[in-house]
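# Reading the structure
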Amino acid sequence: MGAVELLQFALAGLKNGAIYALVALGFTLVYAATGAINFAQGEFYMLGGMLSVWAYAGLGLPLPLAGLVGVAMTALVGGVFELLAVRPRKDGDLLAIIIITVGGSMVLSSAARHLFGPLEKALPAFTSTGTVSIFGAVLEIQSLWILGLTTLAVVALWYLYNRTSLGRAMRACAVNRDAARLVGIDPRRIVTVSFMLAAALGALAGLAVTPLTQTAFDVGPSVGIKGFAAAILGGLGNPIAAVAGGIVLGMLESMSIAFISSTYKDAIALVVLLGVLFWRPQGIFGASRREKV
Amino acid sequence: MDDVSFDVHDGQIKAVIGPNGAGKSTLFNVMTAFDRPDAGSVLFDGDEVTGKRPHLIVRSGIARTFQNTQLFEDMTARENVMAGAHAVTKAGFFASALRLPWTVQEERDVAEEAARLLRLVGLGEWTNTPAADMPHGLRRLLEIARALAARPRVLLLDEPAAGLNMAETVALAEALYRIRDEGTTIVVVEHDMGLVMEVSDEIVVLDRGRKIAEGPPRLIQKDPVVIAAYLGEEEADEL
Amino acid sequence: MVKRPDIRLIAIVAIALVAVFALPMLTSERYLLRVFTFVGVNVIIITGMALLFGYAGQVSLGHAAFYGIGAYASAFAVLTLGWPWVAGVALALVLTAVGGLLLALPSLRLKGHYLAMATLGFGEIMKVVFVEARPVTGGPDGLSGIPYPTLGPLEFDTAGTAYWLVWGVAAVALLLAYNVVRSRAGRAMRALHGSELGATACGIDITGVKVRVFVISAALAGLAGALYAHVVGFVSPSTFSLHVSVLLVAMAVLGGTGSLAGPVIATVILTLIPYSDAVIPGLSRTALETIQEWQEDIYGLTIIAVMLFVPGGIGSLIRRIFPERGDAG
Amino acid sequence: MSRSIGARLARVFVSTCIVALTVPVFLVGCDGETGYGDGETVRIGAVLSLSGSLAGLGEPARRAIEVEVDRINADGGVNGRMVEVLYEDDASDEARSVAAASRLIDQEGVVAIIGGSGTGQSMAMRQEIEPGAVPQVALAGGSIVTDQFSPWVFQTPWPNRVVVPFTLENLQAAGIERLAIIAESGGYGKDGSDVTKDFVDEFGIEIVAEEQFNRGDTDMTPQLTKVRAEAPDAVLMWAAGAEAATILKNNAAIGGAAPLRFFGAPGNARLEFVEGAGDAAEGFMFAAGHILVPETYGVDTEAYEVATSFIDRYTERWGAGPDIFAGHAYDAIHIIVEAARRSPADFTPGDLRDEIEATSGLVSVGGTFTFSPTDHNGMTADDLTMYVIENGAWAPVEEVR
């Protein structure tokens, strides 16, 4: 196991980790706004790729514009889904919202199959299909786009959360919805915005990955689980933790391939994740909440 | 809270009072093993309580209520009280699954006992109402009835009068008398001075974690140290 | 006096029981019997999950894994080791109970989504085991040729007898669960769900109840697996995937809390949607093919519709119709 | 006390549930007679995965059958009796394929069943096929379908028992001795790597590395890095999904000037794969049937005629050419129809089974089928050709260097 190979494994882990991180950010956003886990987040990842392919191949738009259209439309789908299916649930009961998103993921993936057919679709790389070499290890330029977009998303989210009134309103809602309502924030609007942002983040991940892995109507669930695991590993509620969780999960998988075997990479990553959970029941960076007697 | 100790005698109503933040709730949680004390111990009838796991405390005869009621919202009043009898009943998973005759009998007895306790605290006609639908004042009485279902020798009440109106406080006082007359010792942590002075046989006063007075209501009412603690240093001088 | 259950409810349950057990005599069609046998298998799983979620309020996204452990254990025991079916079922029950214990104990400190993730992780790990442990599980293409269930001389080799076996077990499981729910143990579960602090104050050992109800629901899923494997004769990893676990939770949530009848009705409805042609007799080919084409959408929309228009779940509907009944059922 | 609307609504809902439960019980008792078609039509069942993860296999199969049934009926059907195909979507779920098979046999009285699309689905149906005594022609390529022999089950795709020796022979000819395998964790990957490991010794080839990945994985660079460390002469890939293209792109990226040489299998004969992999697929070789380039049959042969006319009809009807999965379905419907034409007028499914088993020298799209009581696949190495991908299209290769 030479240093170059180790770096190669690390780069692969970082690249996959960035994808999981973007999806995990989507989970964290919806969790912060509703306290629930959005099981349709995987479908937003799928739609990001599919709608961009439709805009690129179907409408003939140039790639950057097609990607923008794809992400924007997915965000719209996220908003409409929240308005039609989540908001009518007045009492905001956690489990009801979760199960509604389960129903939503089935409808979204089936709709994608009906609209775009069952076969996978491709997108050309954003810039070139070339690679860049870092101390001998190699990374596709498209992967740099993935890492770049993830960093951009994290910074944008951090800025939104800390520097904008919308961000403060979102954080207020996350802490205490009733208090937020008292100071004139409409929690329902915040939930809709959170779903749209989560959809956009998932779509961004889908768009960035499609040139490498293509996309199909059923790619949602497997990446959705990884994103959820990453959000839990990091600790729900905190965007930075979600990204860290994603990177750690990506590294875990890559290193378990390197040192143990590719057959059991998912199982090993999950065993470690369960170990972390049993040791710290609120994720690596999650704050522990002692129940006041 | 540091080295607070006092005794509670059989069949007595003992009150624990003190300004906010005096450590009443902490003391309360330590007595019921919901919290561990750094030092010292809680003895009940001679045996050690402090180390025990919270759910075992009620088996040794100490039952409690909570400052913010911890009722089982979608269970009816009767079912809440029947759940309170968990410690003094035996029907296990498999015995209940097979509906063995003795479990049916035990169920019948527990149901009757629950009805009696509900009447004891004045909630007779709320038997089949889910706890969530009951008015605030009555929910406190329900929690007391639930605690009684464990046939405790000592009943610990955490601010039972909080948020009650005059009529509800009177009803509470009458319930406490009936409970004590049935031989259950009561320790109540409370702010409502009217209630405390009315029902308690003896009062302990805490301030900033220390016991500053102990004795019958008449003495405590006039004790300058207590007044000072309550009204704060300056006002006390003007008196 | 213990509340007398409402007469009308007893009548409805009686009718349903007669209907369930009359079906094999009324029709010899394997398709209909097979579909309703699948419903029976799911009802056995949901009985356990109704206790776990509906009463004790614990969510598990890994119960398809227990369903799978039960199926593979009994299939391996009977097919490869040559044990009688009953021994296979016993092995299934033991393995799933132990599996449930091993998962429940470390998960006690976990709450909400973290507990869901732990069970989801367990399910995904088991999926890798089902795919990779080829000598036992037959690998990704599964195990086929699993013999029919036998009880001593009795051989359940026709669709009708297999149907009776499954629904017989389901009826017993439901009866036992009904008794538990209306007893001290049931109250302990509902108390724990209502308020853990309150339950502890009543002397209820929270961890003990959680572990016990988790193990029992895991064992019931294992029992359902042992029945499914031998009734269908073929098992493969995709039958026990996360998607199945998620649907089981959806059935439990649609069923509503504090009720057995709610989750059972939700299970019947959701299990029959993919086979809606069996339920609606006299469908034309084109109608049937369009239903199958839009099945996934119908399934998703049904889940969303019930969650929006029946907030408390189907259980709350039943309670609204038969309000006189004080306790749960 | 006045009932609130909610209670009345609730009463209606729950009672309809109970009724919905019991109605089928009483209603169904009456219909459901099982006759083998009502004399005029030959009813054939088709259990395909039209939704779910295998939808990419089911959809082309259905399209091929639809095109062929129209042609067969236009040519007078089976001795004057029209052919009717009843489609069932099992949504890639084994339990549903079992139920679909039992309904087609019991209620619809089909004389034969085409399907399932996947190996698991095909195996699951056996529980209904054998007691139902109805012949099944499976479209899945898993060796287990015909290795676990059943007199009632036939298979049209090229089995790995034929594909692997043919491929390894070409590898040996190209002087490859150190071979790595990268395979999908599903049935397709496991079956392919198992059969490969059985045959490599015969061809003097050594397996130097074996890596695995899951459907839905987004990057296989770690696996390829481990493979490169063993410096194999070539890599044999068993991947039928979108991951195949990803692996080639990862290989091109970390290979730089000298990416690893890749070989594949019939599962890679998909336009989406070639498109998705782009120029990373240059030089990628795989074995598949002649249908990809009908000229490989030989221009004046019957096979060429059969294949090109099917391709024209399929393209005209659906706007795009058929893939190998459409070819497997074409073979299945024709094997059954030819056998039915040879059977007596009021044949039973049992008679049809015997005739199918007697199929010999049937020139079809996947190759020339000859079944026997012990071989229910009937394909040989002659039905295969090596293809190489050059500037975005597959072309036949005479001799692999």
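Since the structure is predicted, the reported quantities are computational estimates derived from the model, not experimental observations.

Below, the discussion takes up the overall build of chain A. Within chain A, the secondary structure is distributed over eleven helices and two strands. Taking 2.2 N^0.38 as the reference for a compact globule, 293 residues should give roughly 19 Å; the C-alpha atoms of chain A span a radius of gyration of 19 Å, in line with that estimate. Dimensions of chain A along its principal axes, counting C-alpha atoms only, are 60 × 50 × 35 Å. Among the 293 residues that make up chain A, the fraction classed as buried is 60%. Put simply, 73% of the contacts in chain A that link residues at least 6 apart link residues at least 24 apart. Carbon together with sulfur atoms contributes 69% to the accessible area of chain A, which is approximately 11100 Å² in total. Computed over 19 positive and 13 negative side-chain charges, the inter-centroid distance for chain A is 10 Å.

Another point: the overall build of chain D. Looking only at helices and strands, chain D features 14 helices and 14 strands. Relative to a compact globule of 401 residues, whose C-alpha radius of gyration would be 21 Å, chain D shows 24 Å and is just as compact. Out of the 401 residues belonging to chain D, those deemed buried represent 64%. If you take every contact in chain D between residues at least 6 apart in sequence, the share linking residues at least 24 apart comes to 68%. One way to put it: in chain D the 27 positive side-chain charges average out to a point 8 Å from where the 60 negative ones average out.

It is worth spelling out the confidence of the model for chain D at this point. Residue and element names in this part refer to chain D. Taken residue by residue, chain D gives an average pLDDT of 87. The fraction at 70 or more is 90%. Note on residues 23-37: pLDDT is under 50 here. Beyond four places in sequence and across chains, it has 23 contacts. The ipTM assigned to the predicted complex is 0.87, against a pTM of 0.89.

Turning our eyes to something else, we now look at the environment of Ala-73 of chain C. Residues and elements named next belong to chain C. You can see Ala-73 is positioned in helix α3 (residues 63-80). It is 9.2 Å that separates the C-alpha atoms of Ala-73 and Ala-90, two residues lying 17 residues apart in sequence. If near-sequence neighbours (up to four positions away) are discounted, Ala-73 is found in contact with Leu-91, Ala-92 and Leu-95.

Residues and elements named next belong to chain D. Under the domain assignment used here, chain D contains domain 1 (3-157 + 303-380) and domain 2 (160-293 + 384-396). One C-alpha centre belongs to domain 1, the other to domain 2; they are set 31 Å apart. Of the residues lining the interface, 16 residues belong to domain 1; the matching set on domain 2 comes to 13 residues. Across the domain 1/domain 2 interface, buried area totals approximately 1100 Å², and carbon plus sulfur atoms make up 57% of it. Inspection of the region where domain 1 meets domain 2 yields one salt bridge. Of the charged contacts, one joins Asp-147 and Arg-161 as a salt bridge, the two residues approaching to 3.0 Å between their closest N and O atoms. Taken together, the links from domain 1 to domain 2 amount to three residue pairs in polar contact (both at pLDDT 80 or more). Secondary structure elements with two or more residues in the side of domain 1 that touches domain 2: α6 (144-147), α12 (302-318) and α13 (324-342). Its residues placed into classes, the side of domain 1 that touches domain 2 shows seven nonpolar, seven polar and two charged.

Next up on the list: the side chain of Asn-377 of chain D. All names here are of chain D. Tracing the backbone through its elements, the reader meets Asn-377 in the loop between β12 (368-369) and β13 (384-390). Only 2.9 Å separates the side chain of Asn-377 from the backbone oxygen of Pro-157, close enough to count as a polar contact. In this structure Asn-377 touches Gln-155, Thr-156, Pro-157, Pro-159, Phe-369 and Phe-371, once residues within four positions along its chain are discounted.

Residues and elements named next belong to chain D. Counting through the fold element by element, Ala-303 comes out in helix α12. Between the C-alpha atoms of Ala-303 and Leu-362, which are 59 residues apart in sequence, the distance is 9.6 Å. Contact partners of Ala-303, with chain neighbours within four places excluded, come to Tyr-297 and Val-363.

This brings us to the sheet that holds strand β4 (residues 62-64) of chain B. Residue and element names in this part refer to chain B. Strand order across the open sheet formed by six strands is β4-β5-β6-β1-β7-β8, with mixed pairing between neighbours. What marks the edges here is a single partner per strand, and that holds for β4 and β8 (210-215). In this sheet, adjacent strand axes meet at a mean angle of 20° when their direction is disregarded. Summarising the sheet, strand β5 (residues 154-158) and strand β6 (residues 185-189) pair through five bridges and their orientation is parallel. The partner of Leu-156 across the bridge, within β6, is Val-187. On top of the sheet, helix α6 (residues 136-148) reaches β4 and β5; it is set at about 155° to β5, its chief contact.

Now for the pairing of β13 of chain D. All names here are of chain D. Counting buried positions along β13 gives six out of seven residues, so the element sits mostly inside the fold. Relative to β13, strand β10 (residues 285-289) runs antiparallel, the two sharing five bridges. When the sheet's bridge partners are listed, Ala-288 is paired in β13 with Thr-385. Where β13 and strand β14 (residues 393-396) come together, four bridges link them in antiparallel fashion. By the bridge assignment for β14, Val-388 is matched with Ala-395. Hairpin geometry of β13 and β14 is characterised by an intervening segment of two residues between the two adjacent antiparallel strands and by a positive phi of about 30° at Asn-391.

For the rest of this paragraph, the subject is the interface of chain D and chain C. On the chain C side, the residues contacting the 51 residues of chain D number 49 residues. Taken together, both faces of the contact between chain D and chain C bury some 4600 Å²; the carbon and sulfur share is 61%. Put simply, chain D and chain C have six salt bridges between them. Among the salt bridges present, the one from Arg-285 of chain C reaches Glu-108 of chain D, with a minimum N-O distance of 3.2 Å. One can count twelve residue pairs in polar contact (both at pLDDT 80 or more) joining chain D with chain C. For the side of chain D that touches chain C, the elements supplying multiple residues, two or more each, are α1 (5-28), β2 (82-89), α3 (94-106), α4 (119-124), α5 (126-132) and α8 (187-199) of chain D. It is α1 of chain D that contributes the most residues to the side of chain D that touches chain C, 16 residues altogether. The residue inventory of the side of chain D that touches chain C, partitioned by class, reads 23 nonpolar, 14 polar and 14 charged.

Here the focus is the packing of helix α14 (residues 285-293) of chain C against helix α15 (residues 295-309) of chain C. Residues and elements named next belong to chain C. Following both chains from N to C, one finds α14 and α15 inclined at 60°, their axes separated by 4 Å at the closest point. By the angle between their directions, the pair α14 and α15 is classed as oblique. In contact with Ile-291, Gln-292 and Glu-293 of α14, α15 contributes Gln-295, Asp-297 and Ile-298. Of the residues that constitute the contact of α14 with α15, the class distribution is two nonpolar, two polar and two charged.

What follows deals with the arrangement of the chains. The structure contains five pairs of chains in contact, of which chains C and D account for the largest number of contacts. Chain B shows no contact with chain D. Their nearest C-alpha atoms sit 17 Å apart.

Moving on: the packing of aromatic side chains. All told, the structure shown has 25 aromatic pairs over all chains when counted by the stated rule. Consider the rings of Phe-126 of chain A and Trp-145 of chain A, whose centres lie 5.3 Å apart with planes at 75°: the pair is edge-to-face. One end of the pair, Phe-126 of chain A, is in the loop between α4 (94-116) and β1 (131-134); the other, Trp-145 of chain A, is in helix α5 (residues 141-163), and 19 residues separate them in sequence. Where Phe-66 of chain C meets Phe-214 of chain C, the ring centres are 6.2 Å apart and the plane angle is 80°; that geometry is what we call edge-to-face. In this pair, Phe-66 of chain C sits in helix α3 while Phe-214 of chain C sits in helix α10 (residues 206-232), placing the two residues 148 residues apart along the sequence. There is no split in this pair, since Phe-66 of chain C and Phe-214 of chain C are both buried. The cationic tip of Arg-64 of chain B hangs over the ring face of Phe-34 of chain B; the distance from NZ or CZ to the ring centre is 4.7 Å. One residue, Arg-62 of chain D, lies across the ring of Tyr-87 of chain D, its end atom 4.3 Å from the ring centre.

Core analysis: the biggest nonpolar cluster contains 234 residues, and Met-117, Met-189 and Val-235 of chain C have the highest contact counts within it. Beyond its immediate stretch of four places on either side in the chain, Val-235 of chain C contacts Ala-71, Tyr-72, Gly-142, Leu-143, Ile-146, Tyr-228, Ala-229 and Phe-240 of chain C. One finds Leu-236, Phe-284, Ile-324 and Val-337 of chain D within the second-largest nonpolar core, a separate group that totals 109 residues.

The next thing to look at is a nonpolar patch on the surface. A cluster of nonpolar side chains, contributed by Met-1, Leu-6, Phe-259 and Ile-260 of chain A, occupies part of the molecular surface with about 430 Å² of accessible area. The topology assignment puts Phe-259 of chain A in helix α10 (residues 239-259).

All names here are of chain D. Pairing within the open sheet is parallel, and its five strands lie in the order β2-β1-β3-β4-β5. Where the open sheet ends on each side, the last strands, each with one partner, are β2 and β5 (153-155). When the angles between neighbouring strand axes are averaged without regard to direction, this sheet yields 25°. Sheet topology note: the strand β3 (residues 112-115)/strand β4 (residues 136-138) ladder contains two bridges and is parallel. In the strand pairing of β4, Ile-113 is matched with Gln-136. Across the sheet, α3 lies against β1 (41-48), β2 and β3, angled at about 175° from β1, the strand it touches most.

Cut-offs applied
- Residues numbered from 1 in each chain as written.
- Chains lettered and ligands numbered in written order.
- Predicted model: local features only at pLDDT ≥ 70, side-chain atom pairs only at ≥ 80, totals over all residues.
- Heavy atoms only, no water.
- Helix = DSSP H or I, 4+ residues; strand = E, 2+ residues; numbered from the N terminus.
- Rg over C-alpha atoms; globule rule 2.2 N^0.38 Å.
- Buried < 20%, exposed > 50% of the residue type's maximum accessible area, 1.4 Å probe, protein only.
- Contact = heavy atoms within 4.5 Å.
- Areas by Shrake-Rupley, 256 points an atom, 1.4 Å probe, with all protein chains shown as cover.
- Lys, Arg positive; Asp, Glu negative; His and termini not counted.
- Charge placed at Lys NZ, Arg CZ, Asp CG, Glu CD.
- pLDDT = per-residue confidence, 0-100.
- Domains from an automatic or database assignment.
- Buried area = accessible area lost by both parts, 1.4 Å probe.
- Salt bridge = Lys/Arg side-chain N within 4 Å of Asp/Glu carboxyl O.
- Polar contact = N/O pair within 3.5 Å; in protein donor to acceptor, adjacent residues only side chain to side chain.
- Nonpolar A, V, L, I, M, F, W, Y, C, P; charged D, E, K, R; others polar.
- Pairing = 2+ DSSP bridges.
- Axes fitted to C-alpha atoms, helices over the stretch in contact; angles between N-to-C directions.
- Parallel < 35°, antiparallel > 145°, perpendicular 65-115°, else oblique.
- Phe/Tyr/Trp six-rings, centres within 6.5 Å; stacked < 30°, edge-to-face > 60°.
- Lys NZ or Arg CZ within 6 Å of the ring centre and 35° of its normal.
- Core = buried A, V, L, I, M, F, W, Y, C linked by side-chain atoms within 4.5 Å.
- Patch = residues over 30% accessible without salt bridge, like charges linked within 9 Å, V, L, I, M, F, W, Y side chains within 5 Å.

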